[in-house]
Amino acid sequence: MIYNILFLTLVGGIPYYLILEKIPAIKSKHIFLLSAFLLLSTIILSAYVPNEHKTSLVIVSLVSSLFTIYKATKTTNFYKLAYYFLFVNAPFFVLYEGESALYSLSLLLSLLGLYWIGRFYERNYGSANYRYITGITLVRPYIGTYLTFYLIAIALYPPFPNSLFFLKYILGSESNLLWFGVVITLFFGNFFLAMNVMKKTLFGRPNSHIHYVHMTAREKMPHILIIGMLLLFSVFGLKEILL
Amino acid sequence: MEKIILLIPGIPIIIAFLLFFIRKKELIPKVSIMLSSMIALLALYGTYYVISNDTQIVGFDGLLVYNELSAILVPYVAILGLVIRKYATKYMWDEAGYRRFFILLNFIFASIYLFVMSNNLIVLALAWQLLSISLYLLVSFNVGSNTAVKNAKWVMIIHKAADLVFIIAIILTYQTFGSFDLTELSAKWLSMAHTPVDNPMIFVIGLLFLIAAMMKSAIMPFHIWLPYTSEAPTPVSAVMHAGVVNVGGILLNKLAFLLILAPAVLNIAFVVGLVTAIMASLIMLTVSDIKRSLGYSTVGQMGYMIMEIGLGAFSLAIYHLIVHGIFKATLFLESGALIKLARHDSNLPKRLTYELFWEEKIKPKGKKLFNYLAFFAILPVVAFVGIKMVLTDDFFELNASIIILAFAWLTGTQLFLSFFKVSKADSLKVIFALVSSFVIILFTYEFIGLALEHFIYGENAALFYKAATFNVTTIMSLVMLAAIMAVGWLFMYTQHFVKVLKSDKKQDSLKWSFYKFLAKEGYFFNVIETLKGNKK
């Protein structure tokens with residue numbers, strides 16, 4: 001039971017909203033790094049401590065996920081969005097726990113990409129807020145491509161590993177009402193949030209008041225690495241799901 | 001050696017990858033066309049191999065198959081892809097994102113090939129989803145336009161819902177039949193077809209697959225994504241109307257043996273197809289935007305296609321989607337070319353159709369309703385009956401699916417007439433052209449369509465007709481045919497010959513309400529606005 005509560009605290013979101021978001025000294029990018037670290041720890045921990053999830057915990061995390069989706073629609077900040085995506089997927093981590101390690105890792109990788117894009121925005125446009133940085137696809141196609149890849153991965157589309165592992169787990173599991181609730185929430189929650197970001201920053205007319213900055217070769221490196229890793233994961237995911 | 005054909009879905013992905021690194025703009029279409037020609041050649045070789053050896057090419061641990069269905073569809077998609085790429089070379093040249101366009105185009109073709117050639121439900125699901133995301137990125141290609149992005153949102157929402165329904169259907173299929181392999185499943189379904197089956201889960205699975213197909217094929221009430229994608233570049237419209245919307249029909253063909261076990265699903269397919277065909281054909285005639293009119297025309301044709309499936313005429317649906325695809329792609333590509341030419345020359349560019357039919361005639365109008373109805377309604381029926389009587393002795397046991405084909409032809413001709421303004425064209429020539437096209441369609445169906453049925457399903461084709469318990473009798477078919485023709489031509493007539501009412505004259509309220517209902521596309525967007533609370 002204690003383990004379950006700990007698990008929920010690590011991935012459930014609400015404690016962050018109640019405590020961390022209220023402390024001005026802690027910035028959203030720190031919250032993402034902290035929550036990503038905690039999720040990673042939980043994945044490792046769950047591999048060593050076999051544990052059965054409680055239905056009540058799945059329900060609590062599902063409610064937390066729905067609340068997070070609501071909160072995420074209100075933000076236009078990449079850092080915040082990165083950790084919101086973690087919390088949106090919390091019911092999946094709780095429901096599939098040890099088995100969801102590969103999905104969690106793929107998600108973490110995609111969110112890391114989003115985090116790096118946020119860092120690029122912060123360095124060049126003053127903050128990780130993308131509200132007025134519109135039409136990236138047209139003016140900076142490389143950044144547009146990276147961002148498109150991350151968002152497609154998060155929105156659970158193939159050939160990215162998130163979708164493959166998600167599909168693998170749901171195909172092999174027993175379905176019940178709660179299962180349907182979790183699957184539908186995640187399937188559409190991730191999708192709507194990712195599409196929202198696409199609409200707001202990838203699409204739209206370029207903002208004439210902003211000087212759009214190119215990525216340097218050095219800045220491109222983390223993205224190329226992340227996308228390369230995602231594709232490697234995809235190959236593994238395809239093998240897992242098909243063979 | 002023949003296994004190389006199974007690499008077809010991977011080639012467009014390789015092209016997309018290569019295009020990412022090509023610096024010279026001129027090389028982008030060249031590489032794309034050259035390598036897609038290879039796909040077309042491979043596809044033709046594959047078809048030759050399948051026909052000459054009377055066998056299937058299976059590979060990748062049974063995940064992909066080049067069977068009879070692929071042998072027909074893959075060359076069609078490959079040649080269509082080649083034409084569209086060639087067309088887009090110049091058409092898209094001045095657009096921002098030329099490289100992006102070709103990359104996305106290759107992805108969408110990869111997903112269509114994968115879909116057609118998949119022999120496993122999971123591969124099918126992956127191709128199904130890849131198609132959704134590629135389509136979204138292509139429809140919103142003009143990212144600077146708010147309306148294009150907004151309309152693309154509708155595409156995405158409906159396709160995402162289709163993805164979910166599809167995934168749930170394959171989960172239930174696996175739980176019920178214990179396999180994802182389509183060959184294995186088809187054999188199992190076929191063996192079950194010989195004995196009565198009483199498992200409600202089969203109905204649920206069949207229904208879910210039908211709903212997913214309806215969503216992707218823009219069948220009512222999921223049609224709304226298709227007519228509103230007119231801001232997409234013309235080559236994208238051609239891909240959508242000639243390729244993407246057909247996947248619903250292809251899916252149902254792949255699952256044909258499952259649907260034998262669920263006749264109720266076939267009946268539902270027939271009814272929704274019928275409603276879609278009638279409603280979309282009527283809306284097509286009332287909407288004021290020509291591109292939206294074309295969109296509704298495609299929705300209507302998809303309705304016919306689903307109706308054909310509902311009647312058990314699975315192979316006819318394949319024949320229909322190919323013929324319709326060629327027709328609609330030509331229409332879109334020609335309209336795009338016309339627009340481009342018109343930008344340089346203020347006079348309408350003269351095309352073959354223009355020179356043949358367009359002769360300005362000032363004639364007294366308004367008193368020829370009977371003559372026109374007689375010509376346009378009776379002549380096709382006479383031709384139809386004549387051909388059927390020549391070809392088959394037992395005319396009165398005619399295959400109801402032929403009627404559906406006739407509906408399709410009629411809608412096409414209505415569109416044709418809307419497009420070329422029959423009231424001002426040389427009517428006799430037009431009538432001759434339309435009746436000839438009808439005769440050609442019927443003859444090609446009789447000879448090619450039936451050969452196609454034998455090629456794809458062999459002796460099993462009879463099982464589908466037996467399973468389709470919704471019997472459309474000859475009389476019912478003819479009544480429906482006549483009703484649709486009469487309504488269609490009446491609309492045509494009122495559109496071109498009836499004088500517009502002056503403000504002091506009051507329109508008949510029932511007629512007016514019906515017209516408003518159609519012109520406002522069933523008040524769909526009004527309902528959405530009301531739900532959003534934005535009603536002005």
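Given the structure is predicted, the values throughout are model-derived calculations rather than measurements.

Bringing the overall build of chain B into the picture now. Each helix and strand in chain B was counted, giving 22 helices and two strands. Here chain B holds 536 residues, and 57% of them are scored as buried. Relative to all contacts within chain B whose residues are 6 or more apart in sequence, the contacts with residues 24 or more apart total 81%. Here chain B displays about 22600 Å² of accessible surface, and carbon together with sulfur accounts for 67% of that area.

Before going further, it helps to spend a moment on the overall build of chain A. Tallying secondary structure elements over chain A gives twelve helices and zero strands in all. Once local pairs closer than 6 in sequence are excluded, the contacts in chain A between residues at least 24 apart make up 83%. Of the roughly 10400 Å² of accessible surface on chain A, a fraction of 68% belongs to carbon and sulfur atoms.

Residues and elements named next belong to chain A. Counting through the fold element by element, Asn162 comes out in helix H10 (residues 161–171). Here the side chain of Asn162 touches Ser110 through a polar contact of 3.2 Å, side chain to side chain. Beyond its immediate stretch of four places on either side in the chain, Asn162 contacts Tyr103, Ser106, Leu107, Ser110, Ala153, Ile154, Leu156 and Leu230.

Quite often, the size of an interface is put as the accessible area lost when its parts meet. Listed per partner, the contact involves 32 residues of chain B and 35 residues of chain A. Approximately 3000 Å² of surface area, both sides summed, lies buried where chain B meets chain A, with 79% of it carried by carbon and sulfur atoms. There are zero salt bridges connecting chain B and chain A. Between the two partners, chain B and chain A, sit three residue pairs in polar contact (both at pLDDT 80 or more). Looking at the side of chain B that touches chain A, the elements that each hand over two or more residues are helix H5 (121–139) and helix H6 (146–177) of chain B. Among the elements that take part in the side of chain B that touches chain A, H6 of chain B stands out by supplying 13 residues, more than any other.

Another aspect to go through is the environment of Leu151 of chain A. Residue and element names in this part refer to chain A. Structurally, Leu151 can be placed in helix H9 (residues 141–154). As for Leu151 and Phe191, which are separated by 40 residues in sequence, their C-alpha atoms are 8.5 Å apart. In contact with Leu151, not counting residues within four places along its chain, are Leu114, Ala194, Val197, Met198 and Leu202.

Counted under the stated rule, the structure contains 37 aromatic pairs over all chains. A centroid spacing of 5.1 Å and a plane angle of 65° characterise the contact between Tyr83 of chain A and Tyr84 of chain A, whose relative ring orientation is edge-to-face. What makes Tyr83 of chain A buried here is its relative accessible area of 0%. An angle of 80° between the planes, with centres 5.6 Å apart, marks the rings of Phe101 of chain B and Phe141 of chain B as edge-to-face. Highlighted residues: Phe101 of chain B in helix H4 (residues 98–117) and Phe141 of chain B in the loop between H5 and H6, separated in sequence by 40 residues. A residue is classified by how much of its surface remains accessible, and Phe141 of chain B, at 3% relative accessible area, is buried. By the ring-pair criterion, three or more aromatic residues cluster together here, those being Tyr103, Tyr157, Phe166, Phe187, Phe188, Phe191 and Phe192 of chain A. Directly above the ring of Tyr132 of chain A sits Arg131 of chain A, whose terminal nitrogen or CZ lies 5.4 Å from the centroid. Across the ring face of Tyr98 of chain B, the terminal group of Lys25 of chain B is positioned such that the distance to the ring centre comes to 5.0 Å.

Scanning all chains against the criterion turns up three salt bridges over all chains. Here Arg123 of chain A ties to Glu219 of chain A by a salt bridge, and the two come within 3.1 Å at their closest N and O atoms. You can see Arg123 of chain A sitting in helix H7 (residues 101–125) and its partner Glu219 of chain A sitting in helix H12 (residues 217–242), a full 96 residues away along the chain. Exposure remark for Glu219 of chain A: the relative accessible area of 17% places this residue in the buried category. A salt bridge links Asp163 of chain B to Lys216 of chain B, with the nearest nitrogen and oxygen atoms 3.5 Å apart. Of this pair, Asp163 of chain B sits in helix H6 while Lys216 of chain B sits in helix H8 (residues 200–216), and the two are 53 residues apart along the sequence. Across the pair, exposure class does not vary: Asp163 of chain B and Lys216 of chain B are buried alike.

Turning our attention to the nonpolar core. Residues Leu114, Tyr121 and Ile170 of chain A together with Ile8, Tyr66 and Phe209 of chain B are the most contacted members of the largest nonpolar core, which totals 246 residues. For this core, the element with the highest residue contribution is H6 of chain B, accounting for 18 residues. When neighbours within four sequence positions are excluded, Ile170 of chain A is seen to be in contact with Phe92, Tyr96, Trp179 and Val183 of chain A together with Ile167 and Ile171 of chain B. Within the second largest apolar cluster, six residues are counted, among which are Leu274, Tyr304, Met307 and Leu311 of chain B.

Turning our eyes to something else, we now look at H4 of chain B. If you check H4 of chain B, its first and last C-alpha atoms are 29 Å apart, about what 20 residues at 1.5 Å a residue would give, namely 28 Å. Of all 20 residues that make up H4 of chain B, 18 are buried, and the element is covered over most of its length.

So, on to the confidence of the model for chain A. Across chain A, the average pLDDT comes to 83, with 90% of residues at or above 70. The least confident element of chain A is helix H1 (residues 2–11) of chain A, whose mean pLDDT is 63; the most confident is H9 of chain A, at 91.

Residue and element names in this part refer to chain A. With their axes 10 Å apart at the nearest point, helix H4 (residues 55–74) and helix H11 (residues 177–202) run at an angle of 15° to one another. When the axes of H4 and H11 are compared, the pair comes out roughly parallel. Seen along the crossing, H4 lies across H11 with a hand that is left-handed. Residue-level contacts link Thr55, Val58, Ile59, Leu62, Ser65, Leu66, Ile69, Ala72 and Thr73 of H4 to Leu178, Gly181, Val182, Thr185, Leu186, Gly189, Leu193, Asn196 and Lys200 of H11. When its residues are assigned to classes, the contact of H4 with H11 shows ten nonpolar, seven polar and one charged.

Put simply, Pro158 of chain A and Pro159 of chain A share a cis peptide bond, and its omega is 5°. Secondary-structure assignment places Pro159 of chain A in the loop between H9 and H10. In this structure, Pro221 of chain B follows Met220 of chain B across a cis peptide bond, with omega equal to 5°. Within the element layout of this structure, Pro221 of chain B appears in the loop between H8 and helix H9 (234–242). At Leu156 of chain A, a residue that is not glycine, the phi angle is positive and equals roughly 65°. By the secondary structure assignment, Leu156 of chain A is in the loop between H9 and H10. Positive phi, normally seen in glycine, also occurs at Asp54 of chain B, with a value near 50°.

Rules used throughout
- Residue positions within a chain follow its written sequence, with the count starting from 1.
- In the order they appear in the text, chains get letters beginning with A and ligands get numbers beginning with 1.
- A pLDDT threshold of at least 70 governs which residues receive local features in this predicted model, and a stricter bar of 80 or more applies before side-chain atom pairs are shown or counted, although totals over entire chains, interfaces and linings include all residues.
- Note that water and hydrogens are dropped before the side-chain values are worked out from all heavy atoms of the structure.
- Here a helix means four or more residues in a row that DSSP labels H or I, a strand means two or more in a row labelled E, and each is numbered from the N terminus.
- Accessible area is worked out with a 1.4 Å probe on protein chains only. A residue is then buried under 20% of its type maximum, exposed over 50%, and partly exposed in between.
- Note on contacts: a residue pair qualifies if any of its non-hydrogen atoms lie within 4.5 Å across the two residues.
- Per-residue accessibility takes into account occlusion by the displayed protein chains alone, with areas from the Shrake-Rupley method and a 1.4 Å probe.
- Throughout this description, a polar contact denotes any pair of N or O atoms lying within 3.5 Å of each other; where both atoms belong to protein, one of them has to be capable of donating a hydrogen while the other can accept it, and for residues adjacent in sequence the pair is counted only when both atoms sit in side chains.
- Defined here as a combined quantity, buried area equals the accessible surface (1.4 Å probe) lost by two parts on assembly, summed across both.
- Salt bridges are counted wherever a side-chain nitrogen of Lys or Arg sits within 4 Å of a carboxyl oxygen of Asp or Glu.
- Each Phe, Tyr or Trp ring, with Trp reduced to its six-membered ring, pairs with another whose centre is within 6.5 Å; inter-plane angles below 30 degrees give stacked pairs, above 60 give edge-to-face pairs, and intermediate values give tilted ones.
- Geometrically, a lysine NZ or arginine CZ counts as sitting over a ring once it is within 6 Å of the ring centre and also within 35 degrees of the ring normal.
- Note on terminology: a nonpolar core comprises buried Ala, Val, Leu, Ile, Met, Phe, Trp, Tyr and Cys residues joined through side-chain atoms within 4.5 Å.
- Expected span of a helix: the number of residues minus one, times 1.5 Å.
- Every residue is assigned a pLDDT by the predictor, reflecting its confidence on a scale from 0 to 100.
- Between N-to-C directions, angles cover 0 to 180 degrees, with each direction set by a line fitted to C-alpha atoms, over the stretch in contact for helices.
- An angle counts as roughly parallel when it lies under 35 degrees, as roughly antiparallel when it exceeds 145, as roughly perpendicular when it falls between 65 and 115, and as oblique in every other case.
- Take the far helix as the reference: if the near one is turned anticlockwise from it by less than a right angle, the crossing is left-handed, and if turned clockwise, right-handed.
- Under this grouping Gly is polar, as are all residues other than the nonpolar Ala, Val, Leu, Ile, Met, Phe, Trp, Tyr, Cys and Pro and the charged Asp, Glu, Lys and Arg.

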